[in-house]
Amino acid sequence: MSARDRIDIDPPYDYPAYKSTILRSPKQPLLRVAPHPMEATGPVFPRKFVTDSEADLTTWGKGAPLGEKMILTGRVTDEDGAPVRNSLLELWQCNSSGRYAHPVDQHDAPLDPNFLGQGKVLTGDKGEYRFVTIKPGAYPWKNHPWAWRPAHIHLSLFGNAYSQRLVTQLFFPGDPLLPIDPIFNSVPDESARQRMVCELDLEHGIEEVALGYRFDIVLRGVKSTPMGV
Amino acid sequence: MAIRTPSQTIGPFFHVGLKWEAGEKVAFESPGGRVILTGRVHDGAGNPSADALIETWQAGPDGRAPVPGSAARVTGYSRAATDADGRYTIETVMPGACTGADGKKLPPQIHVTIFARGLLKALRTRVFLAEPAAIKGDPLARAAGPRVGTLIALRDAKDSGTWRWDVRFQGKDETAFIEI
Ligand SMILES: [Fe+2]
């Protein structure tokens, strides 16, 4: 927990309901040490690092992917409300039937030759971003009986400083699998969990083509330091 | 103050979205001494972690934050997924000495962020590319105390440009991770 958090925002490392944490969570407490000067700096991604087409996951193949087309928009800010500009945002997800285009994924659901499930953008001057994609499906994952991940999109953010780096997941409102998903529920605080649920946003959809969803992302401030240092 | 967005695991399928062209080769605008940092990631049972992602950030050879280059690449930052043996390899240059808050020079170190299936939030630490005697005064070396050995890369006996550093999530010789 960062000194500036009044509640536990992030999940713990040790969360046995998610079995893979059992052998991978450190048992020793994290060391608290004065920040290194490089932690307040961070990589700068040149505009050429991304191409415009990487914001649209539905035009990658020869035809349109199967599924419910959606437009995902939002803003990236820090916890003081300042926009996080020109910052890399990467996205990956399974297809509409719940299958990743990944060799390790053995789920018996069809691959979609027109859907790869990867995208990336740089945020704009107000921290804004926009992706066009399809709504991902739920999939089983063997963690426990009837373990099915709720529909989710993986997101990776760099912010503007090394200390702001975040990987998270976006979930959909009203999903009946949310209350029984150990990964979603590893976040202890209800209001923090709701940060990971996007909102239906018709204003940014395209009538009769694609629903809009809004997902604002809040990164820690650059100046926050560990407790007691 | 707004509530932050919580961290979630990267899961086992991150390669779909997080592959960079030559991501394990760190680019810099100015040249420096070539360094290979390589090692394995192990879980608490001693098994290799084949689905971890190592990212590094470091000062350039001049000890300053890397400046953006003219190419379509990012400078100073790397990303390498572990293979079936849990091995990662990063090709970079020796980081220069940064100046700490107290005005003293800090020994060469690389900032490491580790993501994996089973990690609900990233693990962060730093690895020293220096002999143990050269890091005694470093604030992290002091904070790590008897665990400092888990943060020192070992120079390969045959190839002085290669440094070996393993990560252990838990168990004996658990890597000293830091809060940042
Ligand atoms: Fe997933």
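Note on numbering: residues in each chain are counted from 1, in written sequence order. Key to labels: chains lettered from A, ligands numbered from 1, both in the order written. The model is predicted, so local features are restricted to residues of pLDDT at least 70 and side-chain atom pairs to those at 80 or more, both for listing and for counting; the totals for chains, interfaces and linings are taken over all residues. With hydrogens and water excluded, all non-hydrogen atoms of the structure serve as input to the side-chain values.

## Section: the overall build of chain A
And step 1. Helix and strand content of chain A: two helices and 12 strands.
And step 2. Secondary structure elements are defined from DSSP: runs of H or I of at least 4 residues count as helices, runs of E of at least 2 residues count as strands, and each element is numbered from the N terminus. In chain A, the succession of helices and strands from N to C terminus is β-β-β-β-β-β-β-β-β-α-α-β-β-β.
And step 3. The C-alpha radius of gyration of chain A comes to 18 Å, within 12% of the 17 Å expected for a compact globule of 229 residues.
And step 4. Taken along its principal axes, the extent of the C-alpha atoms in chain A is 55 × 45 × 30 Å.
And step 5. Relative accessibility decides the category of a residue: with a 1.4 Å probe and only protein chains considered, values under 20% of the type maximum give buried, values over 50% give exposed, and everything between is partly exposed. Per-residue burial over chain A gives 53% buried out of 229 residues.
And step 6. Computed with the Shrake-Rupley method and a 1.4 Å probe, the accessible areas treat only the protein chains shown as cover for residues. Total accessible area computed for chain A in this model is approximately 10,400 Å², and 56% of it derives from carbon and sulfur atoms.
And step 7. When charges are counted, Lys and Arg contribute as positive and Asp and Glu as negative, whereas His and the chain ends are disregarded. By convention, the charge on Lys lies at NZ, on Arg at CZ, on Asp at CG and on Glu at CD. When the 25 basic and 28 acidic side-chain charges of chain A are each reduced to a single mean position, those positions are 5 Å apart. Here the radius of gyration uses the C-alpha set of atoms, whereas the globule reference equals 2.2 Å times the residue count to the power 0.38.

## As for the pairing of strand 8 (residues 152–157) of chain A
Residues and elements named next belong to chain A.
And step 1. Extensive coverage of strand 8 is indicated by the burial of six of its six residues.
And step 2. Here strand 8 shows a buried face lined by H152, H154 and S156 and a second buried face lined by I153, L155 and L157.
And step 3. For strand 3 (residues 88–92) and strand 8, the ladder comprises four bridges, and the chain directions are antiparallel. Bridge assignment links W92 to a residue of strand 8, and that residue is H154.
And step 4. As defined by bridge partners, strand 8 adjoins strand 9 (residues 166–171) across six bridges and the pair is classed as antiparallel. Bridged to H152 within strand 9 is F171. Whether two strands pair depends on DSSP finding at least two bridges between them.

## Observations concerning the coordination of the iron ion
And step 1. Within the protein, Y100 of chain A (OH), Y139 of chain A (OH), H152 of chain A (NE2) and H154 of chain A (NE2) serve as the donor atoms for the iron ion, at 1.9 to 2.2 Å.
And step 2. Any nitrogen, oxygen or sulfur atom within 2.8 Å of a metal ion counts as a donor, with the limit raised to 3.2 Å for Na, K and Ca, and since water is left out, coordination shells can look unfinished. All donors to the iron ion come from one chain, and their sequence spacing reads Y-x38-Y-x12-H-x1-H.

## Brief notes about the confidence of the model for chain B
And step 1. The predicted model of chain B has a mean per-residue pLDDT of 95, with 100% of residues at 70 or higher.
And step 2. Across the assembled chains, the prediction reports ipTM 0.96 with pTM 0.96. The quantity called pLDDT is the predictor's confidence in a given residue, expressed from 0 to 100.

## Thoughts on the interface of chain A and chain B
It is common to report an interface's size as the accessible area lost on association of the parts.
And step 1. In what follows, a contact means two residues having at least one pair of non-hydrogen atoms within 4.5 Å. Facing 81 residues of chain A, the contacting portion of chain B comprises 70 residues.
And step 2. Carbon and sulfur atoms make up 61% of the surface buried where chain A meets chain B, a total of about 6,800 Å² over both sides.
And step 3. Area buried by chain A at its contact with chain B is led by R24, L31 and Y162 of chain A, which between them contribute 14% of it.
And step 4. Salt bridge criterion: a side-chain nitrogen from Lys or Arg within 4 Å of a carboxyl oxygen from Asp or Glu. Applying the counting criterion to the chain A and chain B interface returns six salt bridges.
And step 5. A salt bridge links E55 of chain B to R165 of chain A; the nearest nitrogen and oxygen atoms lie 2.7 Å apart. Summed over both partners, the accessible area lost on bringing two parts together, with a 1.4 Å probe, is the buried area.

## Thoughts on the nonpolar core
And step 1. F45, F49 and L88 of chain A together with W20, Y77 and L140 of chain B are the most contacted members of the largest nonpolar core, which has 28 residues in total.
And step 2. Of all the elements, helix 1 (residues 139–144) of chain B adds the most residues to this core, at three residues.
And step 3. Aside from chain neighbours lying at most four places away, what touches F45 of chain A is N86, L88, L122 and F158 of chain A together with W20 and V74 of chain B.
And step 4. Residues enter a nonpolar core if they are buried and are Ala, Val, Leu, Ile, Met, Phe, Trp, Tyr or Cys, with the set joined through side-chain atoms within 4.5 Å. By size, the runner-up hydrophobic cluster in this structure holds 26 residues, among which are F28, A153, W163 and F177 of chain B.

## Focus on the pattern of salt bridges
And step 1. Tallied over the full model, the rule gives 18 salt bridges over all chains.
And step 2. Between E174 of chain B and R147 of chain B there is a salt bridge, and its shortest N-O distance comes to 3.8 Å. Residue E174 of chain B is located in the loop between strand 9 (167–168) and strand 10 (178–179), and its partner R147 of chain B is located in the loop between helix 1 and strand 7 (154–155); the two are separated by 27 residues in the primary sequence. Neither residue differs from the other here; E174 of chain B and R147 of chain B are each classed as buried.
And step 3. Through salt bridges that share partners, E90 and R165 of chain A together with E55 and R79 of chain B make up one connected network.

## As for the side chain of D78 of chain A
And step 1. Structurally, D78 of chain A can be placed in strand 2 (residues 69–78).
And step 2. Not counting chain neighbours up to four residues away, the residues in contact with D78 of chain A comprise V84, Q164, V218, L219, R220 and G221 of chain A.

## Focus: the environment of F13 of chain B
And step 1. Along the chain, the position of F13 of chain B falls in the segment before strand 1 (34–42).
And step 2. In this structure, the C-alpha to C-alpha distance between F13 of chain B and D159 of chain B, residues 146 residues apart in sequence, is 34 Å.
And step 3. Other than its neighbours up to four places away in sequence, F13 of chain B contacts W92, Y100, H102, V104 and D105 of chain A.

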